[in-house]
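Next come the chains, spelled out residue by residue.
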Amino acid sequence: MANCVLLTSRRKCFALSQTNTFSFSRSKLQVSPVRSLIHTFKRSLSNNAENLSARNTMEAWYINEYGSNDVLQHGRLPLPSLRTPTDILVRVHSASVNPIDYRMRSGYGESLLNLWRKLENVKEFPLVLGRDFSGEVVKTGRLARRFRKGDQVWGTPSVIAVGTHGQFVVASQDEMSIKPFNWTHSEAASLPYVACTVWTALASRAGLKPENSHDKHVLVLGGSGGIGNFAIQLLKAWGAFVTTTCATDAVELVTGLGADHVIDYSAADMMEQLESLGSFDVVLDPFGGDVGEQYTSLLCKWKGAIYVTLAPPLLSKTDEYGTGLGLLSAGQYLTSSALQKAFCSGSLVSWGFFSPNGAALDYIRSLCQSGMIKPVIQEEFPFSKTNEAYVKLESGHARGKIVVNMISDESS
Ligand SMILES: NC(=O)c1ccc[n+]([C@@H]2O[C@H](COP(=O)([O-])OP(=O)(O)OC[C@H]3O[C@@H](n4cnc5c(N)ncnc54)[C@H](OP(=O)(O)O)[C@@H]3O)[C@@H](O)[C@H]2O)c1
């Protein structure tokens, strides 16, 4: 009935085409378009609602209780919202998995972190883990002037913020930086968490920097993991003399990263080998505990040498005894005999903690872009298999980083 003439009377309508005449009741003519209009309107409303809810939610891996890897769930959660005017919403392309993720999944730090969450009015569950990201800015807060929509950034949100094992993350502009232009998102995601932690330990605690490191002898325990890989490369970029420990099969890897001396920690005479190298200005110990403390005896005497442990007993003690007693008990750690000996020979002992640091990432970007720091990735997982990435890291013997890709670099 494309070309037809419409004649109407009070009760009937006639449609005249060149070949046919159609007649139908006027009430039908009026009612059916209204119904179809309502139907179309309803359908568009529901599509809009679906689109809106899809736009306001994201796929994420999260937990609703602490436990083994089975508590990790994959589903939709609300998009994290900007909490302050300097916050930025980032579409995550890649994230890495760190030991803190499987530990927090198991409840590590619950007591102290919940106290912090209470102060910041942050809900405990659902808890999205993941501490670093590389991705693209999609929305900026009113006062977040350092970045614009579309910027390619890398960073680390705070420990109590919604984590990075989701499609979107919110972090403050001070917790991120433009990613190295010559690194893929997978490569960039492998670094921010370990880089910011090592930065706290070596730059903030030990006071190392490019200008004063060339005559320093630094011992990095555990050169084969994420922390060790980055620490060796940063120290070599600053001209320090680096000794590291690792298992036999990782000697080649850490030598390739530039370590000057590599000691196999399975050797029965490991301590003697370390002692034969002379004393150290800085010992970076990711593992802590009684094992770590023995290394304080390797520090230079009366020269302000420093032992920095990344495994202080703070979170474990507060988990064990609650916040008050736990803090006291953690403080008691400083009276242990090995640490006392260090104090008595003019050395320092310090605790190192991860701290988000966009300015440090700005500086580290230049080392990455010039090739002085290279990404060391052991394995990549698609986002749908994030839970398997946790299993892989938790099974130990890391040789570099485990990365999860929300968007593959080819499709971005
Ligand atoms: N305080 C903080 O904020 C903070 C932040 C990040 C990390 N950390 C600490 O740093 C540790 C390491 O982190 P990561 O990211 O490097 O972990 P990772 O990627 O899992 O690597 C750990 C590496 O250490 C090696 N290793 C284990 N025991 C060792 C020993 N006794 N001597 C030498 N090497 C040893 C492991 O290989 P093999 O087992 O095959 O030797 C593995 O290559 C974490 O477990 C955590 O305690 C603390």
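Residues numbered from 1 in each chain as written. Predicted model: local features only at pLDDT ≥ 70, side-chain atom pairs only at ≥ 80, totals over all residues.

- Looking at an unreviewed UniProt entry, one finds the protein chain named Enoyl reductase (ER) domain-containing protein, with Porites lobata as its source organism.
- The UniProt entry for the protein chain carries this comment under Subcellular location (unreviewed entry): "Mitochondrion".
- What UniProt states about the protein chain under its Sequence similarities (unreviewed entry) heading is, verbatim, "Belongs to the zinc-containing alcohol dehydrogenase family. Quinone oxidoreductase subfamily." (UniProt positions renumbered as here; feature names shortened; annotations may be inferred.)

**Thoughts on the packing of helix 5 (residues 192-205) against helix 13 (residues 358-369)**
Okay, step 1: Helix 13 packs onto helix 5 with a crossing angle of 105 degrees between their chain directions and a minimal axis gap of 10 Å. When the axis of helix 5 is compared with that of helix 13, the two are roughly perpendicular. Along its contact with helix 5, which presents Pro-192, Ala-195, Cys-196 and Trp-199, the element helix 13 presents Ala-360, Leu-361 and Ile-364.
Okay, step 2: Split into classes, the residues belonging to the contact of helix 5 with helix 13 amount to 7 nonpolar, no polar and no charged. (Axes fitted to C-alpha atoms, helices over the stretch in contact; angles between N-to-C directions. Helix = DSSP H or I, 4+ residues; strand = E, 2+ residues; numbered from the N terminus. Parallel < 35°, antiparallel > 145°, perpendicular 65-115°, else oblique. Contact = placed C-beta atoms within 7 Å. Nonpolar A, V, L, I, M, F, W, Y, C, P; charged D, E, K, R; others polar.)

**Looking at the site of the ligand**
Okay, step 1: Around the ligand, the structure places 26 residues, and the nearest of them are Gly-222, Gly-225, Gly-226, Ile-227 and Pro-286.
Okay, step 2: Elements that contribute at least two residues to the shell around the ligand include exactly helix 5, helix 6 (226-237) and strand 12 (241-246).
Okay, step 3: Take the shell around the ligand: its biggest share by element is 3 residues, from helix 6. (Near = placed C-beta within 6 Å.)

**Quick word on unusual backbone geometry**
Okay, step 1: Going from Phe-125 to Pro-126, the amide bond is cis rather than trans, its omega being -10 degrees.
Okay, step 2: Note that Pro-126 resides in the loop between helix 3 (110-120) and strand 7 (133-140).
Okay, step 3: Even without being a glycine, Trp-302 presents a positive backbone phi close to 55 degrees.
Okay, step 4: Position of Trp-302 among the secondary structure elements: in the loop between helix 9 (289-293) and strand 15 (306-309).
Okay, step 5: One non-glycine residue, His-397, adopts positive backbone phi at about 60 degrees.
Okay, step 6: With respect to the secondary-structure elements, His-397 resides in the loop between helix 14 (386-394) and strand 18 (401-405).

**A closer look at the environment of Ala-330**
Okay, step 1: Its place among the elements puts Ala-330 in helix 11 (residues 323-332).
Okay, step 2: With 14 residues separating them along the chain, Ala-330 and Ser-316 place their C-alpha atoms 8.5 Å apart.

**Details of the sheet that holds strand 12**
Okay, step 1: Strand order across the open sheet formed by 6 strands is 13-12-11-14-15-16, with parallel pairing between neighbours. This sheet does not close on itself; its edge strands, each paired only once, are strand 13 (261-264) and strand 16 (348-351). Adjacent strand axes in the sheet meet at a mean angle of 15 degrees, parallel and antiparallel pairs treated alike.
Okay, step 2: The pairing of strand 11 (residues 217-220) with strand 12 spans 4 bridges and is classified as parallel. Within strand 12, the residue paired with Leu-219 across the bridge is Thr-243.
Okay, step 3: Taken strand by strand, helix 5 contacts strand 14 (282-285), strand 15 and strand 16, and its axis lies near 160 degrees from that of strand 15.
Okay, step 4: In this fold helix 6 packs onto strand 11, strand 12 and strand 14, with an angle of close to 165 degrees to the strand it touches most, strand 12. (Pairing = 2+ DSSP bridges.)

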